[in-house]
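# Observations on the model geometry
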Amino acid sequence: MSLHALVAPVAHAIEVKHSRFRAQAAPVATPDAAMEWIRDVSEIEATHHCWAWRIGAEYRSSDDGEPAGTAGRPILAAIDGQGFDRVAVVVSRWYGGIKLGAGGLVRAYGGAAAECLRTAPRTPIVPLVEADLAFPFEDTGAVHAALSAHAAEKLHERHVADGTRIRIRLPAAAVDALKTQLRDATRDRVTVLPLA
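Read on for a plain summary of the structure. (Residues numbered from 1 in each chain as written. Predicted model: local features only at pLDDT ≥ 70, side-chain atom pairs only at ≥ 80, totals over all residues. Heavy atoms only, no water.)

### As for the sheet that holds strand 8 (residues 128–135)
The strand order across the open sheet built from 4 strands is 9-10-8-11, with neighbouring strands paired in antiparallel fashion. The open sheet is flanked by strand 9 (153–160) and strand 11 (191–194), the only strands paired with a single partner. Ignoring which end each strand starts from, the neighbouring axes of this sheet average 20° apart. Sheet topology note: the strand 8/strand 11 ladder contains 4 bridges and is antiparallel. In the sheet register, leucine 133 faces strand 11, and the bridge partner there is valine 192. Helix 4 (residues 140–149) rests against strand 8, strand 9 and strand 10 (163–171) of the sheet, and its axis sits at about 10° to strand 10. Contacting strand 8, strand 10 and strand 11, helix 5 (residues 175–186) crosses the sheet at an angle of about 150° to strand 10. (Pairing = 2+ DSSP bridges. Helix = DSSP H or I, 4+ residues; strand = E, 2+ residues; numbered from the N terminus. Axes fitted to C-alpha atoms, helices over the stretch in contact; angles between N-to-C directions. Contact = heavy atoms within 4.5 Å.)

### A closer look at the nonpolar core
Most often, soluble globular proteins have nonpolar side chains that are buried together. Within the largest apolar cluster, 25 residues are counted, with the highest numbers of intra-cluster contacts made by Val89 and Val91. For this core, the elements supplying multiple residues, two or more each, are strand 3 (19–27), strand 4 (48–55), helix 2 (72–81), strand 6 (87–94) and helix 3 (101–118). In this structure valine 89 touches Gln24, Ala25, Trp37, Cys50, Trp51, Ala52, Ile75, Ile79, Ala113 and Leu117, once residues within four positions along its chain are discounted. Of all hydrophobic cores here, the second largest spans 14 residues; its members include Leu133, Val143, Leu170 and Leu178. (Core = buried A, V, L, I, M, F, W, Y, C linked by side-chain atoms within 4.5 Å. Buried < 20%, exposed > 50% of the residue type's maximum accessible area, 1.4 Å probe, protein only.)

Below you can see the structure in the form of structure tokens.
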């Protein structure tokens, strides 16, 4: 399953048995940025501000006083279920006087988060890799043409006695095609060294 990132912050509100739930989601790049955004949006007056975030393999969630496992984990499950990464979600609740029970809380928090993300504008996350290229000077034109054809970004270039060294970043899915084009265009004179 391909992962997506939010294009911009979004919000969605629902009402369940007189309790109001407002889900807010935002793109985040680091755990610190996620926690800072959560603090910022949790300053409004509400009964609870339950939240979750995921950035790659890292994630956290909080029930903020609701019964354990009834808010933070369902929000995190909504993030994963909607195929998002690099996102933080806060669901604020204004208590309406009627207890929802554990199952009702799970459905309300998870449902508000899932619907917020389901309708959000998204962009695919394209995995990128870096590699070093080494080639003789006479292949410079062919190398630059291949880099352009495969959306490779040149990060660093230096010249040495026997040619040029370039560090590039490109979509992981384009690596094999780039290698093939470089091999064919330069009679296999380009060395591609993936970075560990």
